[in-house]
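Chains, contacts and geometry: an overview
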Amino acid sequence: MFVPREECFVAVLKVKDEIMQSGREYLRQQGFTEILPVILSPITDPLHHDTFDGTVSFYGHPYQLTKSMILHKQIALRTLPRIYCFSPNVRMESAERAGLGRYLAEFVQLDLEARDASREEIMQIGEGLVVHVIATVINRCPAELSRLGRELSVPKTPFPRITFCEAKERFGQTLDDSLSASLSAPTWLIDFPRSVREFYDREDPQRPDILLDMDLIYPEGYGEALSGGEREHTLLRILRRLEQDALDKDKFFQYLAVAAAGIPPSAGFGIGIERLTRFVCGLDQIEQARLFPKTPGKIGAV
Ligand code: AMP
Ligand code: MG
């Protein structure tokens, strides 16, 4: 039967709506409070890869479009114990990334953080969230899934785990892609080395240079679902990590002033909503997962 493209897109947007609603339901049940996003700030995630500069003039002062709310999440935990946000991120990624099917220059993370949580606890929240979202979509969107020709099953918990080191031995440099292509269920990739991650992921006190962090990798080649971990929170350790990454402390002075006053220990993660929609709907390209997509390097989209 011929199904017009529009009809498929309507199905995708309905499923996406259910993904967001069920994500909210789950996090509320787990005691999280939704906060509203920060779009502009003098501080944002420095990221570990290069993106084009997103600085705008805010009354003559350089402010940045949010690349991720990580630093604001840590600061928000001074007020609330468990928070989440549907956070729009602008990352003007290099044009070569467009072809990979999983990068947008503007996307949304469901970004959460919990005070005093360990990586173990936050991984359980991640598993619970993914399971709840998939089970709800299967339950509430059968017509949409069948229109998209997508057969989904609820993953079993606990999800399997592999360390970065093991994955690198098995899959080499193109680790993310080959690991994901080899999987039939979502799998945790854990224990990244310090050199490949941002300064705020906490170093394991027992294993120098290994971080208490993780990615969740989708099966079937859909790639990375989320990144997160425990966080550095003491001023001394944050300063040391900034130095090790050769980052300019002055650019983070507002954040450092809060860290001096006290940032609580925490763990959290951010899961990309368009990537989750792409996986749940079985879409070829991430652009098919949202209205008004901005493809890296491509000008002209509204
Ligand atoms: P990160 O902390 O940089 O790994 O970002 C958290 C999550 O956001 C990732 O695991 C992806 O699901 C999603 N994400 C990151 N960058 C992009 C992008 N350029 N386009 C779409 N989703 C992204
Ligand atoms: Mg990541």
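In this report, we go over the structure that sits alongside the text. Quantities reported herein were computed from a predicted structural model and do not represent experimental measurements.

**Focus: the sheet that holds strand β3 (residues 55-58)**
The three strands are arranged β2-β4-β3 in an open sheet whose pairing can be described as antiparallel. This sheet does not close on itself; its edge strands, each paired only once, are β2 (40-41) and β3. Note: β3 against strand β4 (residues 61-65), four bridges, orientation antiparallel. Counterpart to phenylalanine 58 in the pairing with β4 is histidine 61.

**Overview of the coordination of the magnesium ion (ligand 2)**
Taken together, Glu224 (OE) and Ser227 (OG) make up the full set of protein donors to the magnesium ion (ligand 2), lying 2.1 to 2.3 Å away. Judged by relative accessible area, glutamate 224 falls into the partly exposed class, the value being 21%. Judged by relative accessible area, which is 25%, serine 227 ranks as partly exposed.

**Brief notes about the site of ligand 1**
Within the structure, ligand 1 sits among 15 residues, and Arg91, Glu93, Leu104, Glu224 and Ala225 are positioned closest to it. Contact distances for ligand 1 include 3.4 Å between an oxygen atom and a backbone N or O atom of leucine 226. Serine 227 is positioned with one of its side-chain polar atoms (N or O) 2.8 Å from an oxygen atom of ligand 1. Protein chains shield 91% of the accessible area of ligand 1, which is 470 Å² for the free molecule. Ranked by the residues each element gives to the shell around ligand 1, the list is headed by strand β10 (residues 223-230), at four residues. Grouping the constituent residues of the shell around ligand 1 by class yields six nonpolar, four polar and five charged.

**Observations regarding the side chain of glutamate 18**
Mapped onto the fold, glutamate 18 is located in helix α1 (residues 5-29). Glutamate 18 gets classed as buried once you look at its relative accessible area, which sits at 13%. In contact with glutamate 18, other than residues within four places in its own chain, are Thr136, Val137, Arg140 and Cys141.

**Focus on unusual backbone geometry**
The residue after threonine 157, namely proline 158, is reached through a cis peptide bond having omega -10°. Looking at the secondary structure, you find proline 158 in the loop between α4 (142-148) and β7 (161-163). Unusually for a residue other than glycine, aspartate 116 sits at a positive phi of about 60°. The residue aspartate 116 is located in the loop between β6 (106-115) and α3 (119-140) in this model. Looking at aspartate 116, the relative accessible area reads 56%, which means it is exposed. In the Ramachandran plot, aspartate 209 falls in the positive-phi region, its phi being about 75° despite a non-glycine side chain.

Cut-offs applied
Residues numbered from 1 in each chain as written. Chains lettered and ligands numbered in written order. Predicted model: local features only at pLDDT ≥ 70, side-chain atom pairs only at ≥ 80, totals over all residues. Heavy atoms only, no water. Pairing = 2+ DSSP bridges. Helix = DSSP H or I, 4+ residues; strand = E, 2+ residues; numbered from the N terminus. Donors = N, O, S within 2.8 Å, 3.2 Å for Na, K, Ca; no water. Buried < 20%, exposed > 50% of the residue type's maximum accessible area, 1.4 Å probe, protein only. Near = heavy atom within 4 Å. Polar contact = N/O pair within 3.5 Å; in protein donor to acceptor, adjacent residues only side chain to side chain. Areas by Shrake-Rupley, 256 points an atom, 1.4 Å probe, with all protein chains shown as cover. Nonpolar A, V, L, I, M, F, W, Y, C, P; charged D, E, K, R; others polar. Contact = heavy atoms within 4.5 Å.

Spatial relationships are all this shows, so hold off on functional conclusions.
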